[in-house]
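# Topology and contacts: notes
Okay, here's what each chain looks like letter by letter:
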Amino acid sequence: GMVQGIVDHEIGTHLLRMMNEEHQVWHRRRPQHELKNHVATEEGLATLNSLLSMDVKLLWSPAVRYYACCKGHEMSFHELFHDLHKYIQDPERRFRLCVRVKRGMIDTGQPGAFEID
């Protein structure tokens, strides 16, 4: 279910990768080995990993959240709310997603997004 999906995401991906990296030659020396930031790739793998134990394995919800976050960097809350209408017709669900994307911002009328989800 949902709890197992979160455990698979956080522990089965993020924690396992972190523990594995501690045993690698590049541990604490990523720049010297010219390794790029691993967060984006790891988050994608974690999203897929979280679906393995779920009955419904659709990526629609994570895809819309990703889209909203990208657009949130370019748009105000108001603009994002209207842009998301093509994917989420229910105004309450759309509003909640905009709040999620814009959380922590002092002025949600400006472009910007909270990236860690």
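Below: a short report on this structure. What you see is a predicted model, and the numbers here were worked out from it, not measured in a lab.

Soluble globular proteins: nonpolar side chains tend toward being buried together. Formed by 13 residues in total, the largest nonpolar core has its most connected members in A68, L80, L84, L97, C98 and V101. Looking at this core, the elements with two or more residues in it are α3 (60-72), α4 (77-83) and α5 (91-102). Not counting the four nearest positions on each side in its chain, C98 is found in contact with F77, L80, F81 and L84.

All told, the structure shown has 2 aromatic pairs when counted by the stated rule. Ring centres 5.1 Å apart and planes at 70° place the aromatic pair Y67 and Y87 in the edge-to-face group. In this pair, Y67 is assigned in helix α3 and Y87 in the loop between α4 and α5, connecting sequence segments 20 residues apart. Residue classification places Y87 among the partly exposed positions, given a relative accessible area of 36%. Residues F77 and F95 carry aromatic rings whose centres are separated by 5.4 Å and whose planes lie at 65° to one another, so their mutual orientation is edge-to-face. Placement of F77 in helix α4 and of F95 in helix α5 is noted, with a sequence separation of 18 residues between them. Here F77 falls in the buried class, since its relative accessible area comes to 16%. We classify F95 as partly exposed; its relative accessible area is 43%.

Each value, and the rule that gives it
Residues numbered from 1 in each chain as written. Predicted model: local features only at pLDDT ≥ 70, side-chain atom pairs only at ≥ 80, totals over all residues. Heavy atoms only, no water. Core = buried A, V, L, I, M, F, W, Y, C linked by side-chain atoms within 4.5 Å. Buried < 20%, exposed > 50% of the residue type's maximum accessible area, 1.4 Å probe, protein only. Helix = DSSP H or I, 4+ residues; strand = E, 2+ residues; numbered from the N terminus. Contact = heavy atoms within 4.5 Å. Phe/Tyr/Trp six-rings, centres within 6.5 Å; stacked < 30°, edge-to-face > 60°.

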